[in-house]
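Structural features, examined
These are the residues of each chain, in order.
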Amino acid sequence: MGSAMKKPSHLIRFGVSLERELLARLDSFVRDNEFPTRSEAIRALIRERLVRKEWLCGRQVVGAIVLVYDHGRREILNKITHVQHEFHDNVISTQHVHLDRDNCLEVVVVKGRPRDVDSLYKGLQSIKGIKHISLNTGTTGRGIP
């Protein structure tokens with residue numbers, strides 16, 4: 001049976017006691033986010049917290065910086081490119097999308113130590129003409145089950 005075969009499951013069942021209101025909110029969270037089960041929702045919440053810890057502890061991380069800007073604004077693309085070159089070790093790739101006649105979207109895929117990624121984000125954020133910018137934090141997957 002080759003590599004397509006799944007690893008045996010190592011799931012462990014355990015009980016959790018919750019207040020009625022907290023359980024109701026968990027069930028609402030499950031429905032709103034279309035999780036198939038409470039267990040899947042709890043797994044996602046735990047992983048989200050583990051990723052946050054990676055960022056707080058300074059481990060190697062990945063993420064994406066998403067920015068929208070007016071491409072007609074004087075020198076904005078040169079400034080964006082200049083900041084990215086200052087952090088060339090942290091920029092994995094970029095994707096540029098023309099949203100309409102005036103606006104562009106740029107996605108900058110990043111890796112590195114959180115402080116370096118944050119410095120790159122702040123450098124881009126400080127450019128005049130950026131209409132929106134967000135940093136979406138991620139994980140390399142190491143240490144996250």
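Note: the structure precedes this text.
Here's what I pulled together on the structure shown here. A quick note: this is a predicted structure, and the numbers were derived from the prediction, not measured. (Residues numbered from 1 in each chain as written. Predicted model: local features only at pLDDT ≥ 70, side-chain atom pairs only at ≥ 80, totals over all residues. Heavy atoms only, no water.)

**Some remarks on the sheet that holds strand β1 (residues 61-70)**
The antiparallel open sheet is built from four strands, whose spatial order is β2-β3-β1-β4. Since the sheet does not close on itself, it has two edges, and those belong to β2 (91-98) and β4 (130-139), each with one partner. Strand-to-strand, the axes of this sheet are offset by a mean angle of 15 degrees, without reference to chain direction. One ladder, built from nine bridges, connects β1 with β4; its direction is antiparallel. Each bridged residue has a counterpart across the sheet, and for Val66 the counterpart in β4 is Ser134. Here helix α2 (residues 38-57) sits on the sheet and contacts β1 and β4; the angle it forms with β4, its principal contact strand, is near 105 degrees. This element, helix α3 (residues 76-86), spans β1, β2, β3 (103-112) and β4 of the sheet and lies at about 165 degrees to β1. (Pairing = 2+ DSSP bridges. Helix = DSSP H or I, 4+ residues; strand = E, 2+ residues; numbered from the N terminus. Axes fitted to C-alpha atoms, helices over the stretch in contact; angles between N-to-C directions. Contact = heavy atoms within 4.5 Å.)

**Focus on the environment of Asp70**
Its place among the elements puts Asp70 in strand β1. Discounting residues that sit within four places of it in the chain, Asp70 has contacts with Ile76, Asp102, Asn103, Gly129 and Lys131. Within the structure, the side chain of Asp70 is placed 2.8 Å from the backbone nitrogen of Gly72, a separation counted as a polar contact. (Polar contact = N/O pair within 3.5 Å; in protein donor to acceptor, adjacent residues only side chain to side chain.)

**Remarks on the packing of helix α1 (residues 20-32) against α2**
Two elements in contact, α1 and α2, have axes separated by 9 Å at closest approach and are oriented at 90 degrees. Between α1 and α2, the angle falls in the class roughly perpendicular. Contact residues: α1 offers Leu23, Leu26, Asp27, Phe29 and Val30, while α2 offers Arg38, Ala41, Ile42 and Leu45. Classifying every residue of the contact of α1 with α2 by side-chain character gives seven nonpolar, no polar and two charged. (Parallel < 35°, antiparallel > 145°, perpendicular 65-115°, else oblique. Nonpolar A, V, L, I, M, F, W, Y, C, P; charged D, E, K, R; others polar.)

**Considerations on helix α4 (residues 114-125)**
A rise of 1.5 Å per residue sets the reference length of α4, with its twelve residues, at 16 Å; its end C-alpha atoms lie 16 Å apart and thus fit the reference within 8%. Buried residues of α4: Pro114, Val117, Leu120, Tyr121, Gly123 and Leu124, and no others. Packing partners of the buried residues in α4 comprise α2, β1, α3, β2, β3 and β4. (Expected span 1.5 Å × (residues − 1). Buried < 20%, exposed > 50% of the residue type's maximum accessible area, 1.4 Å probe, protein only.)

Honestly, that's just the spatial picture; any functional story needs more than this.
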